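# Topology and contacts: notes
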Amino acid sequence: MTDIQVTHSDHGLGVVTPAGRLTMVSARALTEAVASLVDQGTSRVVVDLGETTFIDSSGLGALVAGLKRCRQAGGDLRIARPTAQVTAVLAMTNLDKVLTPRASVDEAF
Amino acid sequence: MHDTPPIAASDVLDVSGDSVDTGPTAATISLAALGLLDEPVQSRFDRYAELARTIWGAPISTVTMIDRDRAYFTSCLGLDLTDMAADATFCSSVVHAAAPVVVPDALEDAAYRALPAVAGEPYIRFYAGHPVRDRWGTVLGTICIYDVRPRTFSEHDAAVLAQLATCVEDELDASSDRDLAERVQQALQPQRVPPVAGYSFAARTVATGLVAGDALDHATWGTGHYLLLADVMGKGTAAAILMASVRTALRARVADLATGSADDLGQVVMSARDLVQHDLEAAGSFVTAFVAWADPVEGRVRYVDAGHGLSVVVHRDGRWTTLRSDDLPLGIDAHAGWTEQTLELAAGETFVCFSDGLLDVLPDAESDPGRAVADLVARSAGPEDVVRRVGDLALAVPTRDDVTVLVVQREAPS
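About the thresholds
Residues numbered from 1 in each chain as written. Chains lettered and ligands numbered in written order. Predicted model: local features only at pLDDT ≥ 70, side-chain atom pairs only at ≥ 80, totals over all residues. pLDDT = per-residue confidence, 0-100. Helix = DSSP H or I, 4+ residues; strand = E, 2+ residues; numbered from the N terminus. Contact = placed C-beta atoms within 7 Å. Buried ≥ 20, exposed ≤ 12 C-beta atoms within 10 Å, placed from the backbone.

### Focus: the confidence of the model for chain B
Residues and elements named next belong to chain B. Overall, the prediction assigns chain B a mean pLDDT of 85, with 86% of residues at 70 or greater. Strand β4 (residues 101-103) holds the highest mean pLDDT among the elements of chain B, 97, whereas helix α1 (residues 26-33) holds the lowest, 60. The model gives residues 1-23 a pLDDT under 50, and that stretch makes 34 contacts with residues more than four places away or in other chains. Scored by ipTM, the complex comes to 0.86, with pTM at 0.69.

Okay, here's the thing in structure tokens:
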């Protein structure tokens, strides 16, 4: 089971950190975490993937859903520190064009 | 049609309608649709019969389906029976009454004392049965308990039995939905592809559940061949429903290419996207797809890779080329475009397209899919063998994802 941490950075960003496997089981929790940040007025969100060991299509779907949600609220969703498997899946599906990986949470915005 | 009508049966509506001798009854149609007739006794209902035995400490419990004049014991615990004449059962009176029946002591009850199971082995004295209905309310059968001694059955007992009947009804519904979904999807699998001179071809999906979120499609228009391998986000029934509409949209638009009303495969994918974008967005899903239009005579394949990224050409010398694209999956961006690309398949070359489920089952594929696929092709004796090996691998381990593979080989001149 993925553990999803939600924090706020000094610059008013929401930082969501899913640890472990981001799959069908945990994708919904990620979607809800992003949605609840947006609902509370934080539409600039970084998903820190440094602790995410594995992502499947449902996990990608949750990132895309989060991106749409943030953009609809006038913000954006960026991803940071993807692991090798996550980077490979993003590249394979060309989703790195809409979810450009950043080297760190601080550099995301 | 009953020589000795069961108690109360004469003054209730004959809901099963089986007094009509021509044509199947509503119950028969429903039972057949649920796949409950002419099948071995089904263990999926045993848990409810077992629960009933445990709750009431009864030696015998059955889930019985009545079809016209025959009773089928879908589950039968405590007795070794599969079916018998409906007239000889307590259950038929439940079906005829369309209401629960309790017989505290069959020897004291004129309607039941002559039943074979009362007058002879196993000398039943007590019976309590509750109707089991389909979702339209037709009584299909019963869940019931039997004892060899007289008993009482309280209102509370009756309420518990009614609850168990509801569980059996839910199981009937769920099982038939699952079976039907599986059968429909089997029917949607492409027909066996007719032989194409100079090529051999094989493809297969192994679903992780009963239905797959992966799709394969093939069609021929004129001399051209349409091929599709697509993977929808997620798996199971929800994924299969979305995939069915994407598959249809793509097929319909690719036909435009065949008739000449479209001439670019990228445009074709865009117009298919326009048909499904709303559905995909509403479901929060997306689809990766390899869409191809092949001319076997020229060995030329026009294709669009929509975020699929899992297509490899294995050359005669064992080296391989992974097909690249910059295009997004369908459902991500309402304004995305797709680019038609071209692939020439030379004699002796093998084209392999697969879903990411293969990465889970093929050794070392996660780190280097191209090499793993090239190795697999080198070890195999043609497309059929590649597909058979992938099927064996996918079935050998519990997979997280559907596994689909499509292989086309252009035969080397002999």
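### Quick word on unusual backbone geometry
With an omega of -5 degrees, the peptide bond running from Glu121 of chain B to Pro122 of chain B counts as cis. Summarising the element assignment, Pro122 of chain B is placed in the loop between α4 (116-119) and β5 (126-133). Within the chain, Asn94 of chain A stands out as a residue other than glycine whose phi angle is a positive 60 degrees. Tracing the chain through its elements places Asn94 of chain A in the loop between α3 (84-92) and β6 (101-102). Located in the positive-phi region is Arg68 of chain B, a residue other than glycine, with phi close to 55 degrees. Residue placement: Arg68 of chain B occurs in the loop between β1 (60-67) and β2 (70-77).

### A short note on the environment of Met92 of chain A
Mapped onto the secondary structure, Met92 of chain A falls in helix α3. We classify Met92 of chain A as partly exposed; it has 18 C-beta atoms within 10 Å.

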